[in-house]
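Reading the structure
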Amino acid sequence: MSLQQKVQDEWVSIDDYLAGELLSDIKHEYVDGAVYAMSGASRNHERIAGNVFAELRHRLRGKPCEAFNSDLKVKVGNHFFYPDAMVVCEESQPHEYYSEAPTLLVEVLSKSTRRMDETLKRRLYQSLPSLQEYVLIEQDIVDVEVCRRSEGWVSNHYFLGDEVFFQSVDMTLTVGDIYEGVEHVEGGVLLLDQQSLKSGSHPI
């Protein structure tokens, strides 16, 4: 989703923020006392996030780990975010509306959230002892970035024709799987079908 401006200038407590989210029709992220409204996502953003979540949910069925979509928050210190997809494997004291111990976090980049996803969220997410992988996916070009704790959070990039191994959940997806159904608009609409995605013949 896209990040919008602050809802209000005064400091908001965590309890008031969480209570407000239960009543609000739109989502808000909480950054150390400041509340930011989230705008709606594009179709391509939703396609990419949905593809990843659907594969995670399907392949983790019956296993100790569980996949969640962007309706569940992640708590990092005095911050709350809505990642596009998340996997939680072990949590000693689970909360109904957020997780403090994700194993895998996925964000689909947009123009309005890129800076936060690549800086503040990256730093905060990687401070979580439970987190093993952080994944950032471009929606305007084909580029999947995976950062793994086991590799010192070095960025690994994957493109059309590549397979992406999610080490934290022992699962492999092709880049084509991730971008299935994504459209590119530039002088018209180009629908990338599965054959072109697998062959890598069309950049988005």
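First, a word on scope: everything that follows refers to the structure included in this document.

Moving on: the nonpolar core. If you look at the biggest cluster of nonpolar residues, it comprises 29 residues, and the most contacted ones within it are L56, I137, V144, I178 and Y179. The set of elements that each furnish at least two residues to this core consists of helix 2 (43-59), strand 7 (85-88), strand 9 (102-108), strand 10 (133-137), strand 11 (144-148), strand 13 (163-166), strand 14 (171-174) and helix 5 (175-178). For this core, the element with the most residues is helix 2, which contributes five residues. Other than its neighbours up to four places away in sequence, I178 contacts I48, N51, V52, I137, V144, V164 and L173. In this structure, Y36, L109, L131 and L136 belong to the second largest nonpolar core, which totals 21 residues.

Before going further, it helps to examine unusual backbone geometry. Here the phi dihedral of W153 falls at roughly 65°; this positive angle occurs in a residue that is not glycine. W153 sits in the buried class, given a relative accessible area of 17%. One non-glycine residue, D170, adopts positive backbone phi at about 50°. Tracing the backbone shows D170 in the loop between strand 13 and strand 14.

Structural remark: α-helix, 3.6 residues per turn; residues separated by three or four positions point the same way. Among the residues making up helix 1 (residues 14-23), those that are buried are Y17, L18 and E21. Angularly, the buried residues of helix 1 cover 95° about the axis, an arc narrow enough to put them on a single face. Facing away from the buried surface of helix 1 by more than 90 degrees, the exposed residues are D15, D16, L22 and L23. In the core, the buried residues of helix 1 are packed alongside strand 2 (28-31), strand 3 (34-39), strand 5 (73-76), strand 6 (79-81) and strand 8 (98-99).

Glancing now at the environment of D170. Taking relative accessible area as the criterion, D170 reaches 60% and is therefore assigned exposed. The spatial distance from the C-alpha of D170 to the C-alpha of R59 is 9.8 Å, given a sequence separation of 111 residues.

A few words on the side chain of E145. Secondary-structure assignment places E145 in strand 11. Classification of E145 as buried rests on a relative accessible area of 8%. With sequence-adjacent residues up to four places away left out, E145 is seen in contact with R122, Y134, V135, L136, S155, N156 and H157.

Before going further, it helps to examine the environment of G33. Within the secondary structure, G33 sits in the loop between strand 2 and strand 3. In this structure the C-alpha to C-alpha distance between G33 and S13, which are 20 residues apart in sequence, comes to 6.1 Å. Dropping the residues within four chain positions of it, G33 is found in contact with E10, W11, V12 and N78.

Turning next to the sheet that holds strand 7. Overall, mixed pairing links the six strands, which are arranged 4-7-9-10-11-12 in an open sheet. Each edge of the open sheet is held by one strand with a lone partner, namely strand 4 (66-69) and strand 12 (155-158). If you compare each strand with its neighbour and ignore which way they point, the axes differ by 15° on average.

What counts and what doesn't
Residues numbered from 1 in each chain as written. Predicted model: local features only at pLDDT ≥ 70, side-chain atom pairs only at ≥ 80, totals over all residues. Heavy atoms only, no water. Core = buried A, V, L, I, M, F, W, Y, C linked by side-chain atoms within 4.5 Å. Buried < 20%, exposed > 50% of the residue type's maximum accessible area, 1.4 Å probe, protein only. Helix = DSSP H or I, 4+ residues; strand = E, 2+ residues; numbered from the N terminus. Contact = heavy atoms within 4.5 Å. Arc of directions from axis to C-beta. Pairing = 2+ DSSP bridges. Axes fitted to C-alpha atoms, helices over the stretch in contact; angles between N-to-C directions.

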